[in-house]
Amino acid sequence: MSTVDKMLIKGIRSFDPENKNVVTFFKPLTLIVGPNGAGKTTIIECLKLSCTGELPPNARSGHSFIHDPKVAGETETKGQIKLRFKTPAGKDVVCIRSFQLTQKASKMEYKAIESVLQTINPHTGEKVCLSYRCADMDREIPALMGVSKAILENVIFAHQDDANWPLQDPSTLKKKFDDIFSATRYTKALELRESIAQDQEKTESLKNQMQELERNIQDVDAKIHHTEATLKDLREIQDQISTKTAVRRTLFKEQQKQYAALAEENEDTDEELKEWKTKFEQRIAILKNKISKLEREMCDKDSESSVLKKAINEYLMEIIKLQATAEAHMSLKDERDSAIKKLFARHNLGSLPNAPFSNEAASSLTNRIRSRLTDLEKDLDDKKFTSENEKSNELELKMALDCYLGANDRWKNIEAQKQAKVDIKSNILKRIEEKENERSSFERLISDVDLSRIDERENNMTNQLAGREFESNILQKQSEFHGVEQKIKALNREKDIMARDSEDRVALSFKKTELEIHLKKHKKIIDDYKDKIRGVLKGRLPHEKDLKKEITQALRHYAAKNEND
Ligand SMILES: Nc1ncnc2c1ncn2[C@@H]1O[C@H](COP(=O)(O)OP(=O)(O)OP(=O)(O)O)[C@@H](O)[C@H]1O
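Residues numbered from 1 in each chain as written. Predicted model: local features only at pLDDT ≥ 70, side-chain atom pairs only at ≥ 80, totals over all residues. Heavy atoms only, no water.

The protein carries the name DNA repair protein RAD50 in an unreviewed UniProt entry, which gives Acer yangbiense as its organism. What UniProt states about the protein under its Cofactor (unreviewed entry) heading is, verbatim, "Zn(2+)". The Sequence similarities (unreviewed entry) field of the UniProt record for the protein holds the comment "Belongs to the SMC family. RAD50 subfamily." (UniProt positions renumbered as here; feature names shortened; annotations may be inferred.)

Caption draft 1: Representation of the packing of aromatic side chains within the structure. For the structure shown, the criterion picks out 4 aromatic pairs. Their ring planes at 5° and their centres at 5.9 Å tell us that Phe177 and Phe181 sit as a pair that is stacked. Here the residue Phe177 and the residue Phe181 both occupy positions in helix H5 (residues 170-181), the gap between them amounting to 4 residues, near one helical turn. A residue is classified by how much of its surface remains accessible, and Phe181, at 60% relative accessible area, is exposed. Between Trp276 and Phe280, the aromatic rings sit 5.4 Å apart at their centres with planes inclined by 10°, giving stacked as the arrangement. In this pair, Trp276 and Phe280 are both assigned in helix H7 (residues 270-347), 4 residues apart and thus about one turn of the helix distant. The class for Trp276 is exposed, based on a relative accessible area of 55%. Cluster of aromatic residues (ring-pair linked, three or more members): Trp165, Phe177 and Phe181. (Phe/Tyr/Trp six-rings, centres within 6.5 Å; stacked < 30°, edge-to-face > 60°. Helix = DSSP H or I, 4+ residues; strand = E, 2+ residues; numbered from the N terminus. Buried < 20%, exposed > 50% of the residue type's maximum accessible area, 1.4 Å probe, protein only.)

Caption draft 2: Region of interest: the pattern of salt bridges. Tallied over the entire structure, the rule returns 16 salt bridges. Lys149 serves as the salt-bridge partner of Glu54, at 3.2 Å between the closest nitrogen and oxygen. Residue Glu54 is found in the loop between helix H1 (40-52) and helix H2 (69-72), and its partner Lys149 is found in helix H4 (residues 149-156); the two are separated by 95 residues along the sequence. Taking the relative accessible area as the measure of exposure, Lys149 reaches 31% and is therefore partly exposed. Between Arg133 and Asp136 there is a salt bridge, and its shortest N-O distance comes to 3.5 Å. Assessed through its relative accessible area of 57%, Arg133 is described here as exposed. Residue class for Asp136 comes out partly exposed when judged on its relative accessible area of 21%. (Salt bridge = Lys/Arg side-chain N within 4 Å of Asp/Glu carboxyl O.)

Caption draft 3: Just the pairing of strand S1 (residues 3-10), in detail. Bridge count between S1 and strand S3 (residues 76-86): 7 bridges; the pairing is antiparallel. Bridging from a neighbouring strand, Lys10 pairs with Gln80 of S3. Alignment of S1 against strand S2 (residues 21-24), held across 4 bridges, turns out to be antiparallel. Residue pairing across strands places Ile9 opposite Asn21, the latter belonging to S2. (Pairing = 2+ DSSP bridges.)

Caption draft 4: A look at a negative patch on the surface. The grouping of Glu267, Asp268, Asp270, Glu271 and Glu272 at the surface amounts to a negative patch. Inspection of the secondary structure assignment puts Asp268 in the loop between helix H6 (183-261) and H7. (Patch = residues over 30% accessible without salt bridge, like charges linked within 9 Å, V, L, I, M, F, W, Y side chains within 5 Å. Areas by Shrake-Rupley, 256 points an atom, 1.4 Å probe, with all protein chains shown as cover. Lys, Arg positive; Asp, Glu negative; His and termini not counted. Charge placed at Lys NZ, Arg CZ, Asp CG, Glu CD.)

Caption draft 5: Geometry of the side chain of Thr102. The topology assignment puts Thr102 in strand S4 (residues 92-103). Owing to a relative accessible area of 12%, Thr102 belongs among the buried residues under this scheme. Once residues within four sequence positions are removed from consideration, Thr102 is found in contact with Thr75, Glu76, Lys107, Met108 and Glu109. (Contact = heavy atoms within 4.5 Å.)

Caption draft 6: View of unusual backbone geometry. Lys27 connects to Pro28 through a cis peptide bond whose omega is -5°. Among the structural elements, Pro28 can be located in the loop between S2 and H1. Phi is positive for Arg13, close to 45°, though the residue is something other than glycine. Its place among the elements puts Arg13 in the loop between S1 and S2. For Arg13, a relative accessible area of 19% puts it in the buried group.

Spelled out as structure tokens, the structure:
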């Protein structure tokens, strides 16, 4: 069962818009007691409005339901109802509805501002706020409470002004009852149920029909497949028949033709025909042999013809080449003739026969040209001789010119050097002049200085210096310095001696280690020899002074033994 826990009222009827007025509802019963005009009816009205969204009958479309702004001394009042209830499942839900009443110039304006539902997320424990349109909220809360809106409105939170609704006209009363008992919905549900049942029946029968049809379709499909396969086979057979018929027809036609071609009907016996057949076959074999032989011959002829074709081509190429050389020869001949003509014309060598010249004519003309050429060469040699003389003169002239040019260059160089030296000299003279000017200026400055005063100051200074006994101090410091130098020298000598000592010590330590190594080696050698002697003298080691004697005895003994052996 759904229960209402708490309600907050602000700015509704006589409830102050500034203060939060909270009403807590107790179980199993809450009594609301108060004087007239205290606000009891307002609490019920707020409960009803929260749950159903329905304003009370006397609210004048909300204008008189919200706290009057005139009473509050404002132009606008805001009202709020916050209702906390538990759903039948025990879930806490808070429903918040806010309103606003504004005093405009001529009239009041009522507005429902917002409708919010607050729930608590069971997983996180956080508040979840959902904003709703008023109409949606009015449907949502009765659904959450599990009580119909008509019961909430007309039974649970029935307003005192509407308390006589059971006495209203029958149509209104019926409607209310229908709403309360959800009669229309019930009839609708019944109708719906009936129609669903009918639909289900129809669906069942349709399903059955469908299954039957599917089965039929499957049968038909199978039949179609079977028929298709048969049809395919029949088509193949039909194709085969048509080809066979065509073959038969052609064969028949051929037979007919052969039959028509026969002059007369052969009346030979089978044996004769067989003999004729063998002969025919032999003849065919001979003919085949001939054909193959002819084919081979044809091949040979083909190869021969290809060789000949190649040769023809080569000859043709040669002919073309020869034609080209003949043409070139003719053009050379023309050139020769024109050259002869030109030479004859240039050197006035006489008359010429008509062109083209024959080879003999050309050679005689060439001889004439050659003789003319030899004459010209002779002339040339003569002229060359005279020109050589001229050349020697030219050479002399050239040498003289070269000498002149060289001398001219040298003169120019010397001139340039001379000019440079003149410039340097003028610079030096300038600097000398400047230095002389400087000197004269310094001399003038010195002449301006008072020499007598400077001398006097110098004398004073020397006197002061003499009074301070610098000389004796310098001598003393010099002797001290000498003494320190002596000490340093002595220390250096000592240092050298110590360095030499340390070197000697290092060398000594090296020698000691060497000595130890030698001693060890020596001892080892002695031990080895002692072992050997023990081995020879059967484990006996004689005293050092008898050692030599014993060894010589042993050696002799061994030598004698060896000789005897
Ligand atoms: N719009 C309004 N603004 C301010 N106050 C209003 C408004 N409308 C009604 N009131 C005041 O609210 C009070 C009405 O309260 P309500 O009728 O709830 O009281 P009650 O306790 O039910 O009284 P009763 O016992 O007579 O039924 C009145 O005092 C009325 O003057």
